[in-house]
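Chains, contacts and geometry: an overview
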Amino acid sequence: MKTRLVLWGTEADERVLVAIALNARENKVDIWTFPEEVATETLYNRLLNEWRLGRDIPFPNVFVQIERPLTLSEPILPESIKVERGDLIQRAQTEWHFVVLSAKLFDSYQEELAFLREKIDNLGEYDRVVWEELKGFWEKVQSQIHDKNLFRDHARKLKDMTNELFSKLKTLRRSYEDEFRNTSRERAKAFFDQLEQIEERIEQDLGLQPLFEELKKLQKKFKDTRLTRDDRSKVWNRLDKAFKQVKEKRYGPGYKKEYSPVDRLQRRYDGLIAAIGKMEKSIGRDKREIEFQDKRIEESEGQLEAQIRQAKLKMIDERIRSKEAKLAEMMKTKEELEARMQAEKQKAQEAQASQEKATAESGSGEKPSGDTSDDQKQTKSEDTGGATSSPEDAREESLAGAIAATVGESLGDVADTVRAVAEVVSDKIAEAFKDEEE
């Protein structure tokens, strides 16, 4: 989009050559008029082919310069100057107003980047919070680029500056990850050493019940320990194997826990509660984004930016409405599961009472064949802490429906960003996002 014009006109019935340039920083327009006696063919050609394209050239000594504010309500040229192509002036007035707003948007992003640069330069080690700040900044810039609210040159400068900061953070992160991998290996080795001792005692049948309790404590410690993905998988597999060995020693090969109706409902209920929590957090993030956009609208320096943010607010409002509808369905399912669990518990209590009554009436010291021994009851209590019930098993029934809603919303939230990435973002920044997600 050109910000300089050259055209012929008249002033006080005299033919003049008119040169007009936008001063976007000041939101003003500079106008030069050259009388016909100095407006040679050479001057006209240099103005048209050099100055109009952004290169400065020497002006003759005879000219008149005036400065006028750029507005949408007042014409660019004073009434005393008439030009042959008024349509060019009118179009330039509209385009230049957008140029000014875009330049201000670019300046605001430069200030934000300067703040992030200072923060990153002062980091002693990798900080994931700062990474997320920079990532969020770039996603915001991407949105403006996608909507063509920033010019290509400005977008390229912002991209280069952002890439530089990502590179600094990735250097810090590599150092942090190397240290974390070393620490993780040491922690995993400590678990393996403890498990090796437990496995030897399992083979010797030395106090299976105390060993089971020891494994449960080790399992809790494992859940609270930060490990790399690979180390966590290895420790989990070893821990799970130890739990299975204890149960097979006590109950024979092929032991498999049978879940009661109450247990199955509880598993579904726990998975649903987790999904509800995720949905509530997702809605909370959207509401915080609305508060942020509201604040930025109040601080907007141009109508264009304010209109852009208002459009975003409508999109977020619609997203919240959709999520709240799904959350209401999930809450209804929660109430239904609670009622079913209560009914199943009541049935179990009645069945137990019936068995106890039958035993008392029979007068026999033997329990009915359908009763559960004390040792088996203890087993049910123990199994709730066993590693055999893997995270996937604990969610298989409930997450199929509830979490699908949350995942669907998340995919919808990022659709526009994916399109912007395909059009604008360099491989370098896309790779930086991918690395962080992994």
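Residues numbered from 1 in each chain as written. Predicted model: local features only at pLDDT ≥ 70, side-chain atom pairs only at ≥ 80, totals over all residues. Heavy atoms only, no water.

Turning next to the overall build of the protein. Counting its regular elements, the protein contains 13 helices and five strands. For the protein, the residues scored as buried account for 36% of the 438 residues in total. In the protein, 73% of the contacts between residues at least 6 apart in sequence involve partners at least 24 apart. Accessible surface, the protein: about 26400 Å² in total, of which carbon and sulfur atoms supply 49%. (Helix = DSSP H or I, 4+ residues; strand = E, 2+ residues; numbered from the N terminus. Buried < 20%, exposed > 50% of the residue type's maximum accessible area, 1.4 Å probe, protein only. Contact = heavy atoms within 4.5 Å. Areas by Shrake-Rupley, 256 points an atom, 1.4 Å probe, with all protein chains shown as cover.)

Let us now look at a positive patch on the surface. Side chains of Lys278, Lys281, Arg285 and Arg288 sit close together on the surface and give a patch of like positive charge. Take Arg288: it is sitting in helix H7 (residues 261-299). (Patch = residues over 30% accessible without salt bridge, like charges linked within 9 Å, V, L, I, M, F, W, Y side chains within 5 Å. Salt bridge = Lys/Arg side-chain N within 4 Å of Asp/Glu carboxyl O. Lys, Arg positive; Asp, Glu negative; His and termini not counted. Charge placed at Lys NZ, Arg CZ, Asp CG, Glu CD.)

This part is about the pattern of salt bridges. The full count for this structure, using the stated rule, is 29 salt bridges. A salt bridge links Arg15 to Glu36, with the shortest nitrogen-to-oxygen separation between them at 3.8 Å. Here the residue Arg15 occupies a position in strand S2 (residues 14-23), and Glu36 occupies one in the loop between strand S3 (28-35) and helix H1 (41-49), the gap between them amounting to 21 residues. Overall, Glu36 belongs to the partly exposed group, its relative accessible area being 43%. Here the salt bridges share partners, and the residues they tie into one network are Arg15, Glu36 and Glu84.

We now examine the confidence of the model for the protein. Mean pLDDT over the protein stands at 78; residues scoring 70 or higher make up 79%. Segment residues 363-438: pLDDT under 50, and 117 contacts once partners within four positions in sequence are set aside and those in other chains are kept. (pLDDT = per-residue confidence, 0-100.)

Counting residues in each nonpolar core, the largest one holds 20 residues, and the members touching the most others are Tyr109, Leu113, Leu134, Phe137, Val141, Leu150 and Leu158. Of all the elements in the fold, those that place two or more residues in this core are helix H2 (86-121), helix H3 (128-146) and helix H4 (152-203). For this core, the leading source of residues is H3, giving seven residues. If near-sequence neighbours (up to four positions away) are discounted, Phe137 is found in contact with Tyr109, Glu112, Leu113, Leu116 and Thr162. In terms of nonpolar packing, the next biggest core, distinct from the first, is built from 19 residues, Ala24, Ile81, Ile89 and Ala92 among them. (Core = buried A, V, L, I, M, F, W, Y, C linked by side-chain atoms within 4.5 Å.)

Time to look at the sheet that holds S2. Spatially, S4-S3-S2-S1-S5 is the arrangement adopted by the five strands of the open sheet, whose pairing is antiparallel. For this open sheet the edge positions go to strand S4 (64-69) and strand S5 (81-83), each flanked by a neighbour on one side alone. Across the sheet, the mean angle from the axis of one strand to that of its neighbour is 35°, orientation sign disregarded. Pairing analysis gives six bridges linking S3 to S4, with the strands arranged antiparallel. When the sheet's bridge partners are listed, Trp32 is paired in S4 with Gln65. Against the sheet, H1 engages strand S1 (4-11), S2 and S3, with an angle of about 140° to S1. (Pairing = 2+ DSSP bridges. Axes fitted to C-alpha atoms, helices over the stretch in contact; angles between N-to-C directions.)

Here we come to the environment of Ile290. Mapped onto the fold, Ile290 is located in helix H7. Sequence spacing of Ile290 and Leu313 is 23 residues, and the spatial spacing of their C-alpha atoms is 6.2 Å. Ignoring any residue separated from it by four or fewer positions in sequence, one finds Ile290 in contact with Leu313, Ile316, Asp317 and Ile320.

Before going further, it helps to spend a moment on the packing of aromatic side chains. All told, the structure shown has 14 aromatic pairs when counted by the stated rule. Measuring from centroid to centroid gives 5.7 Å for Trp32 and Trp51, while their planes differ by 90°, and the two rings are edge-to-face. Of this pair, Trp32 sits in strand S3 while Trp51 is found in the loop between H1 and S4, placing the two residues 19 residues apart along the sequence. In this structure, Trp32 and Trp51 share a single accessibility class: buried. Relative to Phe63, the ring of Phe34 lies with its centre 6.0 Å away and its plane at 55°, an arrangement referred to as tilted. In this pair, Phe34 is assigned in strand S3 and Phe63 in the loop between H1 and S4, connecting sequence segments 29 residues apart. What makes Phe34 buried here is its relative accessible area of 0%. Grouped by ring-pair contacts, the aromatic residues Trp32, Phe34, Trp51, Phe59 and Phe63 constitute a single cluster. Geometry around Trp131 places Arg173 over its ring, the cationic atom sitting 4.7 Å from the centre. (Phe/Tyr/Trp six-rings, centres within 6.5 Å; stacked < 30°, edge-to-face > 60°. Lys NZ or Arg CZ within 6 Å of the ring centre and 35° of its normal.)

With 19 residues, H3 extends 26 Å from end C-alpha to end C-alpha; this agrees with the ideal 27 Å at 1.5 Å per step. Along H3, the positions that sit buried rather than exposed are Val130, Trp131, Leu134, Lys135, Phe137, Trp138, Lys140, Val141, Gln142, Gln144 and Ile145. By the N-cap criterion, in which a side-chain oxygen at the helix start approaches the backbone nitrogen of a residue two or three places on, H3 is capped by Asp127, the distance to Val129 being 2.9 Å. Phi for Lys148, located one or two positions after H3, is positive at around 60°. (Expected span 1.5 Å × (residues − 1). Polar contact = N/O pair within 3.5 Å; in protein donor to acceptor, adjacent residues only side chain to side chain.)

This next bit is on unusual backbone geometry. Phi is positive for Asp13, which is not a glycine, with a value near 65°. Position of Asp13 relative to the elements: it lies in the loop between S1 and S2. One non-glycine residue, Asn27, lies in the positive phi region at around 60°. Turning to its location among the elements, Asn27 is positioned in the loop between S2 and S3.

Further remarks concern the packing of H4 against helix H5 (residues 208-223). The geometry of a pair of packed helices is captured by two quantities: the angle between their axes and the separation between those axes. At a minimum axis separation of 11 Å, H4 and H5 run at an interaxial angle of 165°. One way to sum up the angle between H4 and H5 is to call them roughly antiparallel. Two packed elements cross with a definite hand, and for H4 against H5 that hand is left-handed. Together, Phe191, Gln194, Leu195, Ile198, Arg201 and Ile202 of H4 and Leu211, Glu214, Leu215, Leu218, Lys221 and Phe222 of H5 make up the contact between the two elements. For the contact of H4 with H5, the residue count by class is eight nonpolar, one polar and three charged. (Parallel < 35°, antiparallel > 145°, perpendicular 65-115°, else oblique. Left-handed = near helix turned anticlockwise from the far one by under 90°. Nonpolar A, V, L, I, M, F, W, Y, C, P; charged D, E, K, R; others polar.)

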